[in-house]
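An overview of the molecular structure
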Amino acid sequence: TGRYHQIRRHMAWVCESPLVGDTTYDGGDENALRLRKRGLFLCSNEIAVEHPYYNTPAGQLDWIKVEKDEKMKGCLREDEESGKVVVVAKIDLPEKFEAFLRHESSR
């Protein structure tokens, strides 16, 4: 899609850090060519969205009453920068990414 390509181009041009495995923008050096065989390394494994109730005036009063231990459990937390209550969903990275990270950290 357009967004998919836009992310790839932005990482390569603006951040000067192309995505691993990107056949268009990775520069084509030896390491890039080797990693292309494993496909594009683009993955989102966590998302945070503002809670629809706890960020209302009534919800904020209820949030204050929630015990600190309860706030840190599960998927609700207060964003440190904005102070908003967010719902966080997170999954493990696919094995392809975990293997790559293990390999890179052992270098």
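These figures come from a predicted structure and were not determined experimentally. (Residues numbered from 1 in each chain as written. Predicted model: local features only at pLDDT ≥ 70, side-chain atom pairs only at ≥ 80, totals over all residues. Heavy atoms only, no water.)

Our focus in this paragraph is a negative patch on the surface. A contiguous patch of negative charge on the surface is contributed by Glu-50, Glu-78, Asp-79, Glu-80 and Glu-81. In this structure, Glu-80 sits in the loop between strand S2 (76-78) and strand S3 (85-90). Assessed through its relative accessible area of 80%, Glu-80 is described here as exposed. (Patch = residues over 30% accessible without salt bridge, like charges linked within 9 Å, V, L, I, M, F, W, Y side chains within 5 Å. Areas by Shrake-Rupley, 256 points an atom, 1.4 Å probe, with all protein chains shown as cover. Salt bridge = Lys/Arg side-chain N within 4 Å of Asp/Glu carboxyl O. Lys, Arg positive; Asp, Glu negative; His and termini not counted. Charge placed at Lys NZ, Arg CZ, Asp CG, Glu CD. Helix = DSSP H or I, 4+ residues; strand = E, 2+ residues; numbered from the N terminus. Buried < 20%, exposed > 50% of the residue type's maximum accessible area, 1.4 Å probe, protein only.)

This brings us to a nonpolar patch on the surface. A surface patch of nonpolar side chains, about 250 Å² in accessible area, is lined by Tyr-4, Ile-7 and Leu-42. With respect to the helices and strands, Tyr-4 occurs in helix H1 (residues 2-13).

Under the definition given, this model contains 5 aromatic pairs. Aromatic pair Tyr-53 and Tyr-54: ring centres 5.6 Å apart, planes at 55 degrees, arrangement tilted. Judged by relative accessible area, which is 35%, Tyr-53 ranks as partly exposed. The ring of Phe-41 carries the charged tip of Lys-96 above its face, separated from the ring centre by 4.7 Å. (Phe/Tyr/Trp six-rings, centres within 6.5 Å; stacked < 30°, edge-to-face > 60°. Lys NZ or Arg CZ within 6 Å of the ring centre and 35° of its normal.)

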